[in-house]
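Each chain is listed here by its residues.
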Amino acid sequence: TESGAPNAGAILFDGTQYIAVGSNTSTLTRQRIWISNDLITWVRNTSLDALQCQMISDIAKSDSLYLTVGVLGQRILSTDTVTWTRQGGGIGPSGYSFQNIIWDGTRFLCSYFRNIVSTTDGVSVDSKSISITAFDCASTLNIGRLDSDKTDAIYSFMGHIDDLRITKGVARYTSNFT
């Protein structure tokens, strides 16, 4: 057991145990994977020590594979959470890292910069470039909260937003209603 709580970038519950990925609390450069059955006692997996892994940021699980992602396209995978192997690197421009990963039922998906990367086995990857048109507005759009420009306070509204419609240049309501 490693002393101190994990400095977890992400935690996954697989139905029987918790798996945390991140760094230890004494040095952020040594990446770790911890296992816990109760969220109190964490056991560090030592199979990463020889892999010289850098910056693990997230973890996801398919039916048969655990996959972590991190800096420069690094992928670390396991079928049992005991033995981990490092795959890849060199995906994406220098300095970019995978931040989030999900399992969509057929493949793992993660993103970096303006690309979506998919893999079914954690080894072979397919990268697709995406184009995003950003919202262009001079002021902040807040939905579900109020930013007070007089006090720098932020007030969140209680409840749920059921329907929301934002239009520009379209006349939706053109007659009087009684």
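Shown above is the structure to which this text applies.
Residue indices follow the written sequence of each chain, beginning from 1 at its first position. In keeping with the predicted nature of the model, local features appear solely for residues at pLDDT of at least 70, side-chain atom pairs appear and are counted solely at 80 or more, and the whole-chain, interface and lining totals rest on all residues. Excluded from the side-chain calculation are hydrogens and water; included are all heavy atoms of the structure.

Asks: How would you explain the packing of aromatic side chains if you had to name every residue and give the values?
Replies: We call Phe, Tyr and Trp rings a pair once their centres come within 6.5 Å, taking the six-membered ring for Trp, and we label the pair stacked below 30 degrees between planes, edge-to-face above 60, and tilted otherwise. Under the criterion given, the structure shown has three aromatic pairs. Note on Phe 13 and Tyr 18: the rings are 4.5 Å apart at their centroids and 35° apart in plane angle, and the pair reads as tilted. Overall, Phe 13 belongs to the partly exposed group, its relative accessible area being 44%. Any Lys NZ or Arg CZ found within 6 Å of a ring centre and within 35 degrees of that ring's normal is scored as a charge over the ring. Lys 61 extends its terminal NZ or CZ atom over the ring of Tyr 66, reaching a point 5.3 Å from the ring centre. A 1.4 Å probe rolled over the protein chains alone gives each residue an accessible area, and that area as a share of the maximum for its type sets the label: buried under 20%, exposed over 50%, partly exposed in between.

Asks: Lay out the side chain of Asn 45 in plain terms, naming residues and giving numbers.
Replies: Numbering of helices and strands runs from the N terminus, with a helix taken as a DSSP run of H or I at least four residues long and a strand as a DSSP run of E at least two residues long. With respect to the helices and strands, the residue Asn 45 is situated in the loop between strand E4 (43-44) and strand E5 (56-61). Think of a polar contact as two N or O atoms within 3.5 Å of one another; within protein, one of them needs to be a possible hydrogen donor and the other a possible acceptor, and neighboring residues in sequence only count if both atoms come from side chains. Of note is the side chain of Asn 45, whose polar atom sits 3.1 Å from the backbone oxygen of Thr 81. Beyond its immediate chain neighbours, meaning those up to four positions away, Asn 45 contacts Ile 33, Thr 81, Val 82 and Trp 84. A contact between two residues is defined here by any heavy atoms of the two lying within 4.5 Å.

Asks: So what's going on with the sheet that holds strand E10 (residues 108-112)? Residues and values would help.
Replies: Spatially, the four strands line up as an open sheet ordered E9-E10-E11-E12, and their pairing is antiparallel. Of all the strands in the sheet, the pair left with one neighbour each is strand E9 (101-103) and strand E12 (126-129). In this sheet, neighbouring strand axes are inclined to one another by 25° on average, regardless of whether the strands run parallel or antiparallel. Sheet topology note: the E9/E10 ladder contains three bridges and is antiparallel. Bridging from a neighbouring strand, Trp 103 pairs with Phe 108 of E10. In this description, strands pair whenever DSSP reports at least two bridges between them. An axis is simply a line fitted to the C-alpha atoms; with a helix, the fit covers only the stretch in contact. Between two such axes, the angle follows the N-to-C directions and lies from 0 to 180 degrees.

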